[in-house]
Amino acid sequence: MITWKKIFNKEKNKKYFINLIKILKKEYNTKNIFPKKNKIFTSFNLTKFNEIKVVIIGQDPYYKKNQANGIAFSINKNIKLTECIKNIYKELKNEFPKFNIPKHGCLKKWTKQGILLLNSILTVEENKPLSHRNIGWEIFTNRIILYINKYLNKIIFVLWGYNAKKKSLLINKKKHIILYSSHPSNLSANKGFFGCKHFIKINKILKQNNIKQIKW
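Calculation notes
Residues numbered from 1 in each chain as written. Predicted model: local features only at pLDDT ≥ 70, side-chain atom pairs only at ≥ 80, totals over all residues. Heavy atoms only, no water. Salt bridge = Lys/Arg side-chain N within 4 Å of Asp/Glu carboxyl O. Buried < 20%, exposed > 50% of the residue type's maximum accessible area, 1.4 Å probe, protein only. Helix = DSSP H or I, 4+ residues; strand = E, 2+ residues; numbered from the N terminus. Disulfide = S-S within 2.5 Å. Core = buried A, V, L, I, M, F, W, Y, C linked by side-chain atoms within 4.5 Å. Contact = heavy atoms within 4.5 Å. Phe/Tyr/Trp six-rings, centres within 6.5 Å; stacked < 30°, edge-to-face > 60°. Pairing = 2+ DSSP bridges. Lys, Arg positive; Asp, Glu negative; His and termini not counted. Polar contact = N/O pair within 3.5 Å; in protein donor to acceptor, adjacent residues only side chain to side chain.

Looking at the pattern of salt bridges
- Applying the stated criterion across every chain yields a total of six salt bridges.
- Across the pair Glu125 and Lys128 runs a salt bridge whose closest N-O atoms are separated by 3.5 Å.
- When its relative accessible area of 14% is taken as the criterion, Glu125 is described as buried.
- Salt bridges here are not isolated pairs; linked through shared partners, they connect Glu27, Lys31, Glu125 and Lys128.

Examining the environment of Ile171
- Residue position: Ile171 is located in the loop between helix H7 (162-165) and strand S6 (177-181).
- Along the sequence, Ile171 and Phe157 sit 14 residues apart, while their C-alpha atoms lie 8.5 Å from each other.

Some words on the state of the cysteines
- Under the criterion given, the structure shown has zero disulfides.
- For the unlinked cysteine Cys84, the closest cysteine sulfur is that of Cys196, found at 12 Å.
- Judged by its relative accessible area of 10%, Cys84 falls in the buried class.
- Lacking any disulfide linkage, Cys106 is separated from the closest cysteine sulfur, that of Cys84, by 15 Å.

Some details on the nonpolar core
- Within the largest apolar cluster, 34 residues are counted, with the highest numbers of intra-cluster contacts made by Trp4, Phe49, Ile52, Trp137, Phe140, Ile148 and Phe157.
- Per element, the largest residue contribution to this core is six residues, and it comes from helix H6 (residues 137-151).
- Ignoring anything within four residues of it in the chain, the contact list for Ile148 reads Trp4, Phe49, Ile52, Val55, Leu116, Ile155, Phe157 and His176.
- Grouped together as the second largest cluster of nonpolar side chains are 31 residues, Ile88, Ile115, Leu117 and Ala189 included.

A few points about the packing of aromatic side chains
- Under the criterion given, the structure shown has 21 aromatic pairs.
- With 5.5 Å between their ring centres and 50 degrees between their planes, Phe17 and Phe140 make a pair best called tilted. Of the two residues, Phe17 is situated in helix H2 (residues 15-30) and Phe140 in helix H6; the sequence distance between them amounts to 123 residues. The exposure classification of Phe17 matches that of Phe140, with both residues buried.
- When the centroid spacing of 5.0 Å and the interplanar angle of 80 degrees are considered together, the rings of Trp110 and Trp216 count as edge-to-face.

Brief notes about the environment of Asn94
- Looking at where Asn94 falls in the secondary structure, it is placed in helix H4 (residues 83-95).
- Asn94 sits in the partly exposed class, given a relative accessible area of 48%.
- In sequence terms Asn94 and Lys197 are 103 residues apart; their C-alpha atoms lie 8.5 Å from each other.

Describing the pairing of strand S2 (residues 54-58)
- Along S2, five of the five residues are buried, which leaves the element largely enclosed by surrounding structure.
- Here S2 shows two buried faces, one formed by Val54, Ile56 and Gly58 and the other by Val55 and Ile57.
- Of the pairings in the sheet, the one linking S2 to strand S3 (residues 115-119) comprises five bridges and is parallel in character. Bridged to Ile57 within S3 is Leu118.
- Looking at chain direction, S2 and strand S5 (residues 156-160) are connected through four bridges and run parallel. Bridge assignment links Val54 to a residue of S5, and that residue is Ile156.

Observations concerning the side chain of Asp60
- For Asp60, the position within the fold is in the loop between S2 and H4.
- For the buried Asp60, no salt bridge exists, and the shortest N-O distance to an oppositely charged side chain is 7.5 Å, to Arg133.
- Side-chain polar atoms of Asp60 contact the backbone nitrogen of Leu130, separated by 2.6 Å.
- Apart from residues no more than four positions distant in its own chain, Asp60 is found in contact with Asn119, Ile121, Val124, Pro129, Leu130 and Ser131.

Structure, rendered in structure tokens:
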């Protein structure tokens, strides 16, 4: 049986990953990097490989203090909601009028129901979005998507925004389902995210496949 541990053991000895770890050690020692070192792989700790139902792909972590928690789109509790989270909740409310908008932006509840919330880049320097682009994270997360694509079936891949959409090249569309829309950030939420009905569609697809639906 494939597990995250086996996957990580395969990847950690590869040249790109060894180089990535070297860069990260230096970065964490000299700059403010988010999330905290022990939170980088939180998504993998919370969602077991063989329990994945849905993969929602983000870009890189939030870059302000105390926001990033190792889960794409999610923020720590007791932190002011980001515009991105507000827009996700707004769309949920539009799709499910009885949805109660939480006062926090922590999405751990989703991860425990089989949703892998995966950023393409897993670390960031404070106040510098995409500062850890091209240091090796994209290779790693592409490999993660390829493992999911190969070993699992009928996974719903949710690609929000241009960068996430590029990941569709890694996914077998005959084997899995892909949902596209614009990104939920304020810059693009009005260009297709609002009204995308992705949360309803996810549950509809799960129901059709006799898989337990998500309690949003």
